[in-house]
Amino acid sequence: PTANIALHKEIPEGIYISTVGINASTSLRMKKQTFSAATFIGKASTFGEKEYKAESYILDFDKNIYGKFITITLIKKIRDNKKFTGEKELIEKMEKDVEEVRKYFKEDQA
């Protein structure tokens, strides 16, 4: 599952190491929790999607965040957007992307 949001400006398409901040409401004064994430920016061409958006996969997270105010901070681009031959190939690449994100945050903590 991913947190999907519309974008306010053009950002180069691809996969990014990122963080996602989640507030309990739209009030910026509420305490924000921050989580490690992998974020896709662009159009999911593998599935023929035309909508330009951000999709963040928050690592080790399984809470419902519908209706929450989130912010995505892009840290580092790890690859360009790519059209895959199918869902299986896409999932295999996504798993490698998530490994790279985990490695980045593990090294950052050292």
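Everything here concerns the structure above.
We now turn to the structure provided with this report. It should be emphasised that the depicted structure is a prediction, and the values quoted were computed from it without experimental measurement. (Residues numbered from 1 in each chain as written. Predicted model: local features only at pLDDT ≥ 70, side-chain atom pairs only at ≥ 80, totals over all residues. Heavy atoms only, no water.)

1. Some points on the overall build of the protein
Inference 1: In terms of helices and strands, the protein carries one helix and five strands.
Inference 2: Across the protein, helices and strands are ordered from the amino to the carboxyl terminus as β-β-β-β-β-α.
Inference 3: Radius of gyration (C-alpha) of the protein: 14 Å, near the 13 Å computed for a compact globule of 110 residues.
Inference 4: Going through the 110 residues of the protein one by one, you find that 35% of them count as buried.
Inference 5: Sequence-distant contacts in the protein: of pairs separated by 6 or more residues, those separated by 24 or more amount to 64%. (Helix = DSSP H or I, 4+ residues; strand = E, 2+ residues; numbered from the N terminus. Rg over C-alpha atoms; globule rule 2.2 N^0.38 Å. Buried < 20%, exposed > 50% of the residue type's maximum accessible area, 1.4 Å probe, protein only. Contact = heavy atoms within 4.5 Å.)

2. A look at the nonpolar core
Inference 1: Among the nonpolar cores identified, the biggest contains ten residues, and these are Ile-15, Ile-17, Ala-38, Phe-40, Ala-44, Leu-59, Ile-78, Val-98, Val-101 and Phe-105.
Inference 2: Listed by contribution, the elements that provide at least two residues to this core are strand 2 (14-23), strand 3 (33-42) and helix 1 (87-109).
Inference 3: For this core, the element with the highest residue contribution is helix 1, accounting for three residues.
Inference 4: Listed in part, the eight residues of the second largest apolar core include Ala-3, Ile-22, Phe-61 and Ile-65. (Core = buried A, V, L, I, M, F, W, Y, C linked by side-chain atoms within 4.5 Å.)

3. Some thoughts on the sheet that holds strand 5 (residues 69-79)
Inference 1: Read from one edge to the other, the open sheet built from five strands follows the order 1-4-3-2-5, with strand pairing classed as antiparallel. The open sheet has two edge strands, strand 1 (3-6) and strand 5, and neither has a second partner. On average, adjacent strands in this sheet sit at an angle of 30° to one another, irrespective of strand direction. (Pairing = 2+ DSSP bridges. Axes fitted to C-alpha atoms, helices over the stretch in contact; angles between N-to-C directions.)

4. Considering the pattern of salt bridges
Pairing between side chains of opposite charge can happen when their charged atoms approach one another.
Inference 1: Inspection of every chain in the model, using the stated rule, returns seven salt bridges.
Inference 2: Across the pair Asp-97 and Arg-79 runs a salt bridge, and its minimum N-O distance is 2.8 Å. Here the residue Asp-97 occupies a position in helix 1, and Arg-79 occupies one in strand 5, the gap between them amounting to 18 residues. Here Asp-97 matches Arg-79 in class, with each residue buried.
Inference 3: Where Glu-92 meets Lys-88, a salt bridge forms, and the shortest distance between an N and an O atom there is 3.8 Å. With Glu-92 and Lys-88 both in helix 1, this residue pair falls four residues apart, about one helical turn.
Inference 4: A single salt-bridge network, built from bridges that share partners, covers Glu-49, Lys-53 and Glu-55. (Salt bridge = Lys/Arg side-chain N within 4 Å of Asp/Glu carboxyl O.)

5. Some words on the packing of aromatic side chains
Inference 1: Applying the stated criterion to the full structure yields two aromatic pairs.
Inference 2: Taking the centre distance of 4.8 Å and the plane angle of 65° together, the rings of Phe-35 and Phe-61 count as edge-to-face. Here Phe-35, found in strand 3, pairs with Phe-61, found in the loop between strand 4 (53-58) and strand 5; they are 26 residues apart in sequence, far enough to count as distant.
Inference 3: Judged by its relative accessible area of 22%, Phe-35 falls in the partly exposed class.
Inference 4: Where Tyr-104 meets Phe-105, the ring centres are 5.2 Å apart and the plane angle is 90°; that geometry is what we call edge-to-face.
Inference 5: Assessed through its relative accessible area of 27%, Tyr-104 is described here as partly exposed.
Inference 6: Judged by its relative accessible area of 13%, Phe-105 falls in the buried class. (Phe/Tyr/Trp six-rings, centres within 6.5 Å; stacked < 30°, edge-to-face > 60°.)

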